[in-house]
Each structure stands twice: as C-alpha cells, then as structure tokens.
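Survey of secondary and tertiary structure
Residue-level listing of the chains:
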Amino acid sequence: MTANDSSQVAIAVPSTDSSDAVKLETQEYPTSAADGLIQKPFPNPLPDAKPEKPAELTEDQQSKYGAVLKTVSSWTTIPTTSERNAPTAPITDDERMWLTRECLLRYLRATKWNVAQAEQRLQGTLIWRREYGMQKLTPDYISIENETGKQVILGFDIHGRPCLYLIPSNQNTEKTERQVQHLVFMLERLIDLMGPGQETLALIVDFNSTKSGQNASISQAKETLNILQNHYPERLGRALVLNVPWIISGFFKLITPFIDPLTRQKMKFNEDMRQHIPPSHLMKSVGGDVEFRYDHSIYWPALNKLAEQRRALIRERWIQGGKQIGEFENYLKGEDIPSLSQTRESATEQA
C-alpha cells in the first residue's frame, strides 16, 4: 500500500469494510482543478507530491529520544493549569495518543535535542491544551468566524503539505479571543489532513484588497506566534505571503523580532506560487487553475466531515495498536506498517 493509497482509505468511515463504500466516500471530494468549480477541500495531495524525508536519527539522537519516551510514558497525571501549585488530573487517552514518536521528535528538534527542555515543553503543551480548552473548539463554535471564508484549507503543495489560505479581506468579526481560536481550530484540521510521512503545513497569506482594520492587532499577532512556536513546533513547512502593501510591511517589521529565525527562513514574499503549489491545487486568485468559490453551507460541513473521518481512523488504529505512547504516526494514518507494539514484539522474538 502506498502513502497515497492509505490516505484514500483514510477518507472512508473506518468501520466500513466495503471497497465500494470507500470509493463512494472519496468521490464526495474533488481531486484537482479538472473537477470544475471547487467548493470542498481536496482530500489528498497529487500522486507525485512526495513529503520530504526526515534525516535518519544518529545514535545520540536515538538515545535522547529514548530518554524522553521513558519520561513521558511515566506520566500518569499532569497539572490542569499553568498556575503555580495547580491541581493535577489523570492523563487522558487523547493526551496519550497525542504523544506519538514524531511528536516527541518535533519537540526534541525544536529544543536542539535538549532532553530536559523537550520534556518540559511537551508537558507545557499538554497543560496549555487543557487550559486553552481544545474540547470546546467545535465546528459549531468556530463556524461564525469562517462564514465569509477568511480561512480556507484547500489543496496540497509540491511536497504534499496541506495548504491554509488566510484572506484578511474576508474578515467578518470583531477582534476577540475566538479569532485566535479559529486559527488554532484550522491548524488542528490541517494536522488531521496530513497524510503518511507528512508533518508540516503550507501557509498562504493573501493581503489583496485588505484594509488596515481587517488585519490582526499586534497583541493578536504576538499571541498567535507564541502558540505556533511553543505548541506547534516544527509544523510550518512554508509560509507564502502575497500582495503585501506598505502598511503591512511595517506590521511585519514590528512582529519580526518575535518570530523564530528558523521560521523567518521559511517565509517567502510575493513569489510565483506555482513554484510551490501545483496549479491544479492552487486557487486562481493567486495564480493557479482552481476555480474556487466559498459557500459556507457546503465547504464547512465537508471540511469537518473529512477531518472527523481521519480522526476516527487514527483513533481506531491507535486502539488496535494497544494505545501506546510513542506510536508511529505513519501507522496511525493508515500506512501498511507494523504498530509500535508489533515492532517491539518482533524485536523481542529476534533477540
């Protein structure tokens, strides 16, 4: 089974064994610009869009990963808030499932392989997710923020990264906490749609026709950067910024000191988008071939149905694998590889 095949299966309801049912589910979504007017997200990247392979771990890195895995596997309770002397509560299945092998490695890379810092930041994110209230960020709660399509997940780049368009000119709400929660919600949906071998996303920010009052405030920008850098490390693969007016250039200069240097390297301004995203997965408004029209009544349920089905598959695979902390993300996403438990059993038998 190839990575592309496995992501196709992930679109189907996991409890379904019928191949016909699988085909029915996949046919609900477009595959490229050739499908005409597009109003739903693409479920998969193009077959030739291959994720960049991560470097093999050195012996020292593998040892440090083992140390972090041992520590997080020992967590039975964690604090409920970031306040000093906060009460603790048992770690949940959702939190254990979040602690995949690749998740631990992302935090190790983000801390330059500092074991203690990686462990601290992993627990810090789990606490933040509790405190932030990820469970309350439901499609119904966030829906009002996306009624005008100011954020759209559509298509995959040349490396198979799911793409998130930020379109400030479609701003429709006042500056509130829910605006930042909206971005967090969409980041979680991007992660849901990442296929096997994919850990990063592509961000497209189009300032065309944007007025000054439609942009994020400095405080919102700082909060967003804090969330991205501390709680979604190693997730940004490429940020493509278009049609930047002079007033926005000044805004970027103001927030640049708060942006991690590695993140700044991933930002590209006013480049040819077709170099980064296949034209058949790129909106016409930014130089692609996709005729996209946002209709909230069509797009929003389709996006959330697709994401829900992917999460259901991952949960089913995680349960089948024995609910292991440190599980392989590729296994969870449907790739035909052994689970962590099966790998350990095989290693024990060979020993």
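Residues numbered from 1 in each chain as written. Predicted model: local features only at pLDDT ≥ 70, side-chain atom pairs only at ≥ 80, totals over all residues. Heavy atoms only, no water.

**Focus on the overall build of the protein**
Scanning the protein from terminus to terminus reveals 14 helices and seven strands. Residue burial in the protein is summarised as follows: out of 351 residues, 49% are buried. Element-wise, carbon and sulfur atoms account for 51% of the exposed surface of the protein, whose accessible area totals about 17,100 Å². (Helix = DSSP H or I, 4+ residues; strand = E, 2+ residues; numbered from the N terminus. Buried < 20%, exposed > 50% of the residue type's maximum accessible area, 1.4 Å probe, protein only. Areas by Shrake-Rupley, 256 points an atom, 1.4 Å probe, with all protein chains shown as cover.)

**Thoughts on the sheet that holds strand 3 (residues 151-156)**
Spatial ordering of the open sheet is given by 3-4-5-6-7, a layout of five strands whose pairing is mixed. In this open sheet, the two strands that pair with only one neighbour each are strand 3 and strand 7 (267-269). With direction set aside, neighbouring strand axes in the sheet form an average angle of 20°. Pairing geometry for strand 5 (residues 201-206) and strand 6 (residues 236-242), over six bridges, is parallel. Within the sheet, the bridge partner assigned to leucine 201 lies in strand 6 and is leucine 236. Along the sheet face, helix 8 (residues 177-193) touches strand 3, strand 4 (162-166) and strand 5 and points at about 20° away from the line of strand 3. (Pairing = 2+ DSSP bridges. Axes fitted to C-alpha atoms, helices over the stretch in contact; angles between N-to-C directions. Contact = heavy atoms within 4.5 Å.)

**What about the packing of helix 3 (residues 59-73) against helix 6 (residues 115-132)?**
Axis separation between helix 3 and helix 6 bottoms out at 10 Å; the angle between their running directions is 35°. The chirality of how helix 3 crosses helix 6 is right-handed. Residue-level inspection shows Lys64, Ala67, Val68, Thr71 and Val72 of helix 3 in contact with helix 6, the latter providing Val115, Ala118, Glu119 and Leu122. Taken together, the residues of the contact of helix 3 with helix 6 break down into six nonpolar, one polar and two charged. (Left-handed = near helix turned anticlockwise from the far one by under 90°. Nonpolar A, V, L, I, M, F, W, Y, C, P; charged D, E, K, R; others polar.)

**Overview of the packing of helix 5 (residues 101-110) against helix 6**
Helix 6 packs onto helix 5 with a crossing angle of 125° between their chain directions and a minimal axis gap of 8 Å. Accordingly, the angle class assigned to the pair helix 5 and helix 6 is oblique. Helix-helix and strand crossings are classified by hand; for helix 5 and helix 6 the assignment is right-handed. Contacts between helix 5 and helix 6 involve Cys103, Leu104, Tyr107, Leu108 and Ala110 on the former and, on the latter, Val115, Ala118, Arg121, Leu122 and Thr125. Its residues assigned to classes, the contact of helix 5 with helix 6 shows eight nonpolar, one polar and one charged. (Parallel < 35°, antiparallel > 145°, perpendicular 65-115°, else oblique.)

**What about the packing of aromatic side chains?**
Counting across every chain of the model gives seven aromatic pairs. Ring geometry for tryptophan 128 and tyrosine 232: centres 6.2 Å apart, planes at 85°, overall edge-to-face. Of the two residues, tryptophan 128 sits in helix 6 while tyrosine 232 sits in the loop between helix 9 (218-231) and strand 6, which places them 104 residues apart along the sequence. Taking the relative accessible area as the measure of exposure, tyrosine 232 reaches 6% and is therefore buried. (Phe/Tyr/Trp six-rings, centres within 6.5 Å; stacked < 30°, edge-to-face > 60°.)

**Observations regarding helix 5**
Among the ten residues of helix 5, seven are classified as buried, and the element is accordingly described as predominantly covered. Every buried residue of helix 5 is listed here: Glu102, Cys103, Leu104, Leu105, Arg106, Tyr107 and Leu108. Where helix 5 ends, the next residue or the one after it, lysine 112, has phi of about 55°, a positive value.

**Here's the deal with the environment of arginine 96**
Mapped onto the secondary structure, arginine 96 falls in helix 4 (residues 93-98). The spatial distance from the C-alpha of arginine 96 to the C-alpha of glycine 326 is 8.5 Å, given a sequence separation of 230 residues. Ignoring any residue separated from it by four or fewer positions in sequence, one finds arginine 96 in contact with Ile91, Trp318, Lys323 and Ile325. Here lysine 323 takes part through its backbone oxygen, which lies 2.9 Å from a polar atom of the side chain of arginine 96. (Polar contact = N/O pair within 3.5 Å; in protein donor to acceptor, adjacent residues only side chain to side chain.)

**Some details on the environment of histidine 281**
Relative to the helices and strands, histidine 281 resides in the loop between strand 7 and helix 12 (296-320). Histidine 281 gets classed as buried once you look at its relative accessible area, which sits at 0%. For the pair histidine 281 and cysteine 163, spaced 118 residues apart in sequence, the C-alpha to C-alpha distance is 9.2 Å. Not counting residues within four places of it along the chain, the set of residues in contact with histidine 281 comprises Thr31, Ser32, Phe42, Asn44, Pro45, Leu46, Leu154, Gly155, Phe156, Tyr165 and Val290. In terms of polar contacts, histidine 281 uses its side chain to reach the backbone carbonyl oxygen of threonine 31, at 2.9 Å.

**Some points on the pairing of strand 5**
Moving residue by residue along a regular strand, the side chains alternate between the two faces of the sheet. Here strand 5 lies mainly inside the structure; six of its six residues are buried. In strand 5, alternate side chains face the same way, and those of Leu201, Leu203 and Val205 on one face and Ala202, Ile204 and Asp206 on the other are all buried. Taking the sense of rotation as the criterion, the β-α-β connection linking strand 4, helix 8 and strand 5 turns out right-handed. (Right-handed = clockwise from strand over helix to strand, strands pointing away.)

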